[in-house]
Amino acid sequence: MTAVVVCADAMFSRMLTLSLSSRGVDAFAYENVGDAASCKPDRIFIDAELFCGAAKLPDGCDTVIFGSRDALASLEDVGDCSVYERPFDVEELLDTVVGKATVGKDVSKTKKHAYDGLRLYSSTHSATYRGEHISLSKKEFALLGLLLENKGAVVSRDEALKKVFGEDVDAKSNVVDVYIKYLRKKIDERFGIKLIVSVRKKGYTVKTD
């Protein structure tokens, strides 16, 4: 997912952009609606003070308008846009419009595993590892999610093939192994951890011990 923040308040714009990025969103900030409209993002956050009904927003994007009570009161027609009055908790706002992290949590008093700090975001098909963004394709995201849902158990190649790539894929295909390599390069090699473990003649697993 790509998000654009358009806000007169530079500090708030930076904070919101960084918060979006921490959730696996490719986020950018612009000074006016016209600049944002040209990039055709999936989601756009606009300060009410910069918004007007005649603004040409990207077709098909989800638009969130935020601002002070007075600024919001001056808006005449916002269509299907979601509207939030400031002040609000940014994290709660992002839980609503972007989605909560569904996998992993940091631990401090117990033994850390490779998957601790790994978070998946289904709304963006992306992940973060201890705050760092990981760009994933939809198939990579689905395969990683399957492994994490079954951490501690072995996921066979046949199961991964059917659940991630579909029933029509040739049973002899090595596509699962290929995508495991992609995930290892993006996560294991990048962060120096051993997340995905091969189990000889059985499949793959994420160990819990």
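Residues numbered from 1 in each chain as written. Predicted model: local features only at pLDDT ≥ 70, side-chain atom pairs only at ≥ 80, totals over all residues. Heavy atoms only, no water.

**Q** So, the sheet that holds strand β7 (residues 126-129): which residues are in play, and what are the values?
**A** An order of β6-β7-β8 is seen for the 3 strands of this open sheet, with the pairing classed as antiparallel. Among the strands making up the open sheet, the edge pair consists of β6 (118-121) and β8 (132-135). Adjacent strand axes in the sheet meet at a mean angle of 25 degrees when their direction is disregarded. Of the strand pairs in this sheet, β6 and β7 are connected by 4 bridges, and their pairing is antiparallel. Each bridged residue has a counterpart across the sheet, and for Arg119 the counterpart in β7 is Thr128. On top of the sheet, helix α5 (residues 138-149) reaches β6, β7 and β8; it is set at about 125 degrees to β6, its chief contact. (Pairing = 2+ DSSP bridges. Helix = DSSP H or I, 4+ residues; strand = E, 2+ residues; numbered from the N terminus. Axes fitted to C-alpha atoms, helices over the stretch in contact; angles between N-to-C directions. Contact = heavy atoms within 4.5 Å.)

**Q** Break down helix α7 (residues 175-191) for me, with residues and values.
**A** The first and last C-alpha atoms of α7 sit 24 Å apart over 17 residues, in line with the 24 Å expected at 1.5 Å per residue. Here α7 has its buried residues at Val175, Val176, Tyr179, Ile180, Leu183, Ile187, Asp188 and Phe191. Along its buried surface, α7 packs onto β7, β8, α5, α6 (157-165) and β11 (203-205). One or two positions beyond α7, positive phi appears at Gly192, with a value near 65 degrees. (Expected span 1.5 Å × (residues − 1). Buried < 20%, exposed > 50% of the residue type's maximum accessible area, 1.4 Å probe, protein only.)

**Q** I'd like a rundown of the nonpolar core, residues and numbers included.
**A** Nonpolar side chains in soluble globular proteins tend to end up buried together. By size, the foremost hydrophobic cluster in this structure holds 29 residues, and its most contacted members are Leu118, Ile134, Leu144, Val176 and Leu195. Look past the residues within four positions of Val176 in its chain and what remains in contact with it is Leu143, Arg157, Ala160, Leu161, Phe165 and Tyr204. Judged by nonpolar contacts, the second largest core, of 17 residues, contains Ala3, Val64, Phe66 and Val97. (Core = buried A, V, L, I, M, F, W, Y, C linked by side-chain atoms within 4.5 Å.)

**Q** So what's going on with the pattern of salt bridges? Which residues, and what values?
**A** A complete count under the given rule lists 7 salt bridges for this structure. The closest approach of N and O atoms between Glu85 and Arg69, which form a salt bridge, is 3.1 Å. Here Glu85, found in strand β5 (residues 82-85), pairs with Arg69, found in helix α3 (residues 69-73); they are 16 residues apart in sequence, far enough to count as distant. Look at Glu85 and you get partly exposed, because its relative accessible area is 36%. By relative accessible area, which is 58% here, Arg69 ends up exposed. (Salt bridge = Lys/Arg side-chain N within 4 Å of Asp/Glu carboxyl O.)

**Q** Quick rundown of unusual backbone geometry? Include the residues and the values.
**A** The peptide bond linking Arg86 to Pro87 adopts the cis configuration, its omega dihedral lying at 5 degrees. Summarising the element assignment, Pro87 is placed in the loop between β5 and α4 (90-97). Although it is not a glycine, Lys201 adopts a positive phi angle of roughly 65 degrees. Position of Lys201 relative to the elements: it lies in the loop between β10 (197-199) and β11.

**Q** Which residues make up the sheet that holds β10, and what are the values?
**A** Spatial strand order, β9-β11-β10: 3 strands in an open sheet with antiparallel pairing. The sheet is open, and its two edges are formed by β9 (155-156) and β10, each paired on a single side. Pairing analysis gives 3 bridges linking β10 to β11, with the strands arranged antiparallel. Bridge assignment links Ser198 to a residue of β11, and that residue is Tyr204.

**Q** Before we move on, could you go through the packing of aromatic side chains and cite the residues and values that matter?
**A** All chains considered together, the criterion is met by 7 aromatic pairs. A ring pair is formed by Phe12 and Phe66, whose centres lie 5.0 Å apart and whose planes are at 55 degrees; its orientation type is tilted. With Phe12 in helix α1 (residues 10-22) and Phe66 in strand β4 (residues 62-67), this residue pair connects regions lying 54 residues apart in the sequence. On the basis of relative accessible area, Phe12 is assigned to the buried category, the value being 5%. The exposure class assigned to Phe66 is buried, which follows from its relative accessible area of 0%. Ring geometry for Phe66 versus Phe88: centroids 6.3 Å apart, planes at 80 degrees, classification edge-to-face. Highlighted residues: Phe66 in strand β4 and Phe88 in the loop between β5 and α4, separated in sequence by 22 residues. One aromatic cluster is present, built from ring pairs that chain together Phe12, Phe66, Tyr84 and Phe88. Across the ring face of Phe12, the terminal group of Arg86 is positioned such that the distance to the ring centre comes to 3.9 Å. Across from the ring centre of Tyr115, 5.3 Å away, lies the NZ or CZ of Lys151, which sits over that ring. (Phe/Tyr/Trp six-rings, centres within 6.5 Å; stacked < 30°, edge-to-face > 60°. Lys NZ or Arg CZ within 6 Å of the ring centre and 35° of its normal.)

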